[in-house]
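# Summary of the model geometry
Spelled out from the first residue to the last, the chains are:
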Amino acid sequence: MSLDKEVFWMQRALDLANMGSGFVAPNPLVGCVIVKNDSIIGEGFHKKYGEAHAEVNAINSLVDPSDIVGSTIYVNLEPCSHHGKTPPCADLLIKSRVKRVVICNIDPNPVVAGEGIAALKKAGIEVSIGLLTEKGEEINRKFFHFQREKKPYITLKFACSQDHFIAKVNGEPISFSNSESQQLVHKMRAENQAILIGVQTAIADNPTLNVRFWQGNSPLRIIIDPSNRLPKEAKLVKDQAPLLVFTKHHSETVGDKKWIAVGDKNPQEFLDSILTYCYQNNIQSIMVEGGTRTANQFYTAGLINEIWKIEKQIKLGEGILAPILTDVAFEKKFMVGQDNIWSKAMLPKLS
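Here's what I pulled together on the structure shown here. (Residues numbered from 1 in each chain as written. Predicted model: local features only at pLDDT ≥ 70, side-chain atom pairs only at ≥ 80, totals over all residues. Heavy atoms only, no water.)

### Re the overall build of the protein
What counts is decided by this rule: Comment: elements are numbered from the N terminus, with helices defined as DSSP H or I runs of at least four residues and strands as E runs of at least two. Radius of gyration here uses only the C-alpha atoms, and the compact-globule reference equals 2.2 Å multiplied by the residue count raised to the power 0.38. Between buried and exposed lies partly exposed: a residue is buried under 20% and exposed over 50% of the maximum accessible area for its type, with that area taken using a 1.4 Å probe on protein chains only. In this analysis, two residues are considered to be in contact whenever any of their non-hydrogen atoms come within 4.5 Å of each other. Only the protein chains shown count as covering a residue, and every accessible area follows the Shrake-Rupley method with a 1.4 Å probe. When charges are counted, Lys and Arg are positive and Asp and Glu negative, with His and the chain ends excluded. The atom standing in for a charge is NZ when the residue is Lys, CZ when it is Arg, CG when it is Asp and CD when it is Glu.
Regarding its fold elements, the protein presents eleven helices and 17 strands. What you see for the protein is a C-alpha radius of gyration of 22 Å, in line with the 20 Å of a compact globule of 351 residues. Classification of the 351 residues of the protein by burial places 49% in the buried group. A separation of at least 24 residues holds for 69% of the contacts in the protein among residues at least 6 apart in sequence. For the protein, the accessible surface area stands at approximately 16,700 Å², while carbon and sulfur atoms represent 51% of it. Both charge centroids of the protein, one from 40 positive and one from 38 negative side chains, sit 2 Å from each other.

This is the structure we're talking about:
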């Protein structure tokens, strides 16, 4: 078997995995390719949380189910070995009498963590691990971070003018996005389980924080509101979607809206309380979108894993400054539409 072919088939599995983006969280993105006699005979991916896993969909795609016998499976994540919302995929592959399984990444989830591989080997199936590992790490970076670090993966996104202002002096919001960049922002929202803003942004913008310009699930909305200032007439309070509001002292539950009191804590401790709650409730990724003060607090606390900036090619001259991000080297710049330059920074791991 040539390495070039194996790379091609694993890349296909990764491409398939990405097709579930925005729909499968808190599960990881997984794609699966079935190869026999040097040809792809079946493929599938995890399409939606709670539904069939990639291996099941790939096997179901076979024209002749018996073709699975003696085949090689390419899957970007270790097949699961536990009973969750679906049966274990490792057991399914064993039952299907596949010959070999090629895996991109070992699953860091403690309920799997090598158990799927051990089960396959015990059944006499050849297992290869580590093909395109870095690409696998990239597409599932949020899931892996959550499992390894025991806290959500934080993405900061903000938009600003060319001279680094995010709003007018009086706080009045300005639209920095065009129709193309709006789609990209909503794609990012769908790729995160939660979206977080400070209460001042909620008051000034009165946003809905949902996904409208892309396909995918709308994120859980989170508001930092220490003094319980969020107006009851705000869209976030009046609509039917879930909402978490973290306060110092106010506790209340109205339907899917929850006000959670974390006590009289300083900004760092307040953020830690939010992230602890999210970890305990399996909220694996959060997009921080809006509010210079909130962004600066997350950055100062060393909690941000990834930054996206929209820089519109206009100058305001004055206004509310965008987040101050010292020592951040933006690694990519590209145009979205005619107006916006997008930059992405992957922050180094803190020691």
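### Re the sheet that holds strand S2 (residues 39-45)
To be explicit about the condition: Pairing between two strands requires that DSSP report at least two bridges joining them. Every axis in this analysis is a line fitted to C-alpha atoms, fitted for helices over the stretch in contact. Angles between the N-to-C directions lie between 0 and 180 degrees.
Ordered by their spatial adjacency, five strands build an open sheet running S2-S1-S3-S4-S5, and the pairing between neighbours is mixed. If you trace the sheet from one side to the other, it starts and ends with S2 and strand S5 (126-129), each paired once. Averaged over all neighbouring strand pairs, the angle between strand axes comes to 20 degrees, with direction disregarded. Lying over the sheet, helix H1 (residues 3-18) contacts strand S1 (31-36), S2, strand S3 (72-77) and strand S4 (100-105), oriented at roughly 145 degrees with respect to S1.

### Side note on the environment of Thr253
Tracing the backbone through its elements, the reader meets Thr253 in strand S11 (residues 252-254). The exposed category is assigned to Thr253, whose relative accessible area is 54%. When the C-alpha atoms of Thr253 and Lys265 are compared, they prove to be 22 Å apart, with twelve residues separating the residues in sequence.

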